[in-house]
Amino acid sequence: MDTGTWPRVAARRELDAAGVRPQLRPAYQQCRMLNAAHGRTYFLATRLLAPRQRPSVHALYGFARWVDDIVDDTDRRRTVADRQQALDRLDGELRAGLRAGSSDDPILAALIDTATRHGIDPTLFTDFMASMRMDLTVCAYPTRAALDAYIHGSAAVIGLQLLPVLGTVGPAGEAEPYAAALGGAFQLTNFLRDVGEDLDRGRVYLPMEELAVFGVDRDRLAWCRESGRPDRPVRRALADQVARTRSKYRAAEPGIALLAPWSRPCVRTAFTLYGEILDRIVESGYDVFRRRLAVSGPRRLEVAAGALGSVVAARLRRHV
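Let us look at the structure shown here. Nothing here was measured: the structure is a model prediction, and the numbers come from that model.

### Side note on the pattern of salt bridges
No. 1: Using the criterion set out here, one finds 31 salt bridges in the structure.
No. 2: Linking R144 and E210 is a salt bridge whose minimum nitrogen-to-oxygen distance equals 2.7 Å. Of this pair, R144 sits in helix α8 (residues 144–166) while E210 sits in helix α11 (residues 208–212), and the two are 66 residues apart along the sequence. One exposure class covers both R144 and E210, and it is buried.
No. 3: The salt bridge involving D198 is made with R201; its shortest N-O contact spans 3.5 Å.
No. 4: The structure contains a network of salt bridges with shared partners spanning E276, R280, E283, R299 and E302.

The structure is reproduced here in structure tokens:
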């Protein structure tokens, strides 16, 4: 079997397992390709889910990726007003599609089908779109509370959207705070890894009052981006942010045990790999201005392979 055939076979098997209707299959396949192309860690972790769960995860990721691409469009001809209009149009189409139960757009069609199948609260999408609009006009967050308000819509709601797909061993409400916290931890990790790239877009996703304790402001961060290296005050400030983010992971970790057994290896893998991005940041001396740090491909495969035994055991228990 050639390398081009295998992904198509895998995708077909997932769609069969999920019972996706024929007319929606191209839509789900488009979302799957988006996840495979852009979400390396997420896509790898998704492979540890049961095949029937994967299309829904791809649909949620595909929509989030689409919106993110609108917000971060680098085409200089696209003004803020243009992107605002695009978000408003997409938001309107999503609301109408959720009411009607369908959409002519393939990504929205897959998303709406997923939301309907799993009973995902529509307000989670409303909150997500609200935070994405903030990215068009807000360039810094003065306090932790202000940043947390943004993170609720940009990341915590993603964890809450995924929760019905992953399943829980008890009432979903008990797992929701942990799912939201883990989404926030992943987002904070991205903010730390992408400090340099975000500065290029005119944004700082770290609480300015917490940076100020170490004598760090936007100008100092911009100097580090220009020079390609962090100075001592910036390293100290980033070390503080890493410590705060690790505490977020510790707060979220107990929620993994509340998930359905067959979903835990996937989430544990993402938890481990994203946490190790923080390790790479520290090991590099907080070199987040010159390059984008990541966990190596072999290490990602090692962690995923280690989770396979848990996947097989969980599926066997479920079958029995």
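### Remarks on the packing of helix α4 (residues 54–71) against helix α7 (residues 123–137)
No. 1: The geometry of α4 relative to α7 is characterised by a closest axis approach of 10 Å and an angle of 25° between their N-to-C directions. In terms of axis orientation, α4 runs roughly parallel to α7. Classified by chirality, the crossing of α7 by α4 is right-handed. Each of L60, F63, A64, V67 and V71 in α4 lies in contact with α7, whose residues at this interface are F125, F128, M129, M132, D135 and L136.
No. 2: Here the residues of the contact of α4 with α7 sort into 10 nonpolar, no polar and one charged.

### Section: a positive patch on the surface
No. 1: Taken together, R229, R232, R235 and R236 make up a surface patch of like positive charges.
No. 2: As for its position among the elements, R232 is in helix α13 (residues 232–252).
No. 3: Taking the relative accessible area as the measure of exposure, R232 reaches 57% and is therefore exposed.

### Quick word on helix α2 (residues 25–38)
No. 1: Its 14 residues place the ends of α2 20 Å apart at the C-alpha level, agreeing with the 20 Å of an ideal helix rising 1.5 Å per residue.
No. 2: Along α2, the residues classified as buried are A27, Y28, C31, R32, L34 and N35. Viewed end-on, α2 has its buried residues packed into an arc of 155°, placing them on one side of the element. Away from its buried face by more than 90 degrees, α2 exposes M33 and A37.

### Examining the environment of R21
No. 1: Relative to the assigned elements, R21 resides in the loop between α1 (5–18) and α2.
No. 2: Residue classification places R21 among the partly exposed residues on the basis of a relative accessible area of 42%.
No. 3: Between the alpha carbons of R21 and D113 there is a distance of 9.8 Å; along the sequence they are 92 residues apart.

### Quick word on unusual backbone geometry
No. 1: The backbone of Y286 shows a phi angle near 65°, a positive value even though the residue is not glycine.
No. 2: Take Y286: it is sitting in the loop between α14 (264–283) and α15 (297–319).

### A word on the packing of aromatic side chains
No. 1: A complete count under the given rule lists 10 aromatic pairs for this structure.
No. 2: With 6.0 Å between their ring centres and 55° between their planes, F63 and F128 make a pair best called tilted. Placement of the pair is F63 in helix α4 and F128 in helix α7, with a sequence separation of 65 residues.
No. 3: Judged by its relative accessible area of 2%, F63 falls in the buried class.
No. 4: The class of F128 is buried, set by a relative accessible area of 3%.
No. 5: Aromatic rings pair up to connect Y141, Y150, F191 and Y205 into one cluster.

### A few points about the environment of S102
No. 1: Structurally, the position occupied by S102 is in the loop between α5 (80–100) and α6 (106–118).
No. 2: Here S102 falls in the partly exposed class, since its relative accessible area comes to 46%.
No. 3: Measuring from C-alpha to C-alpha, the distance between S102 and V195 comes to 38 Å, with 93 residues separating the pair along the chain.
No. 4: Discounting residues that sit within four places of it in the chain, S102 has contacts with G97 and I112.

### Some points on the packing of α4 against α8
No. 1: Contact geometry for α4 and α8: axes closest at 10 Å, N-to-C directions at 170°. On the basis of the axis angle, α4 is roughly antiparallel to α8. Crossing of α4 over α8 shows right-handed handedness. Across the interface between the two elements, S56, V57 and L60 of α4 pack against Q161, L162 and V165 of α8.

Conventions and cut-offs
- Residues numbered from 1 in each chain as written.
- Predicted model: local features only at pLDDT ≥ 70, side-chain atom pairs only at ≥ 80, totals over all residues.
- Heavy atoms only, no water.
- Salt bridge = Lys/Arg side-chain N within 4 Å of Asp/Glu carboxyl O.
- Helix = DSSP H or I, 4+ residues; strand = E, 2+ residues; numbered from the N terminus.
- Buried < 20%, exposed > 50% of the residue type's maximum accessible area, 1.4 Å probe, protein only.
- Axes fitted to C-alpha atoms, helices over the stretch in contact; angles between N-to-C directions.
- Parallel < 35°, antiparallel > 145°, perpendicular 65-115°, else oblique.
- Left-handed = near helix turned anticlockwise from the far one by under 90°.
- Contact = heavy atoms within 4.5 Å.
- Nonpolar A, V, L, I, M, F, W, Y, C, P; charged D, E, K, R; others polar.
- Patch = residues over 30% accessible without salt bridge, like charges linked within 9 Å, V, L, I, M, F, W, Y side chains within 5 Å.
- Areas by Shrake-Rupley, 256 points an atom, 1.4 Å probe, with all protein chains shown as cover.
- Lys, Arg positive; Asp, Glu negative; His and termini not counted.
- Charge placed at Lys NZ, Arg CZ, Asp CG, Glu CD.
- Expected span 1.5 Å × (residues − 1).
- Arc of directions from axis to C-beta.
- Phe/Tyr/Trp six-rings, centres within 6.5 Å; stacked < 30°, edge-to-face > 60°.

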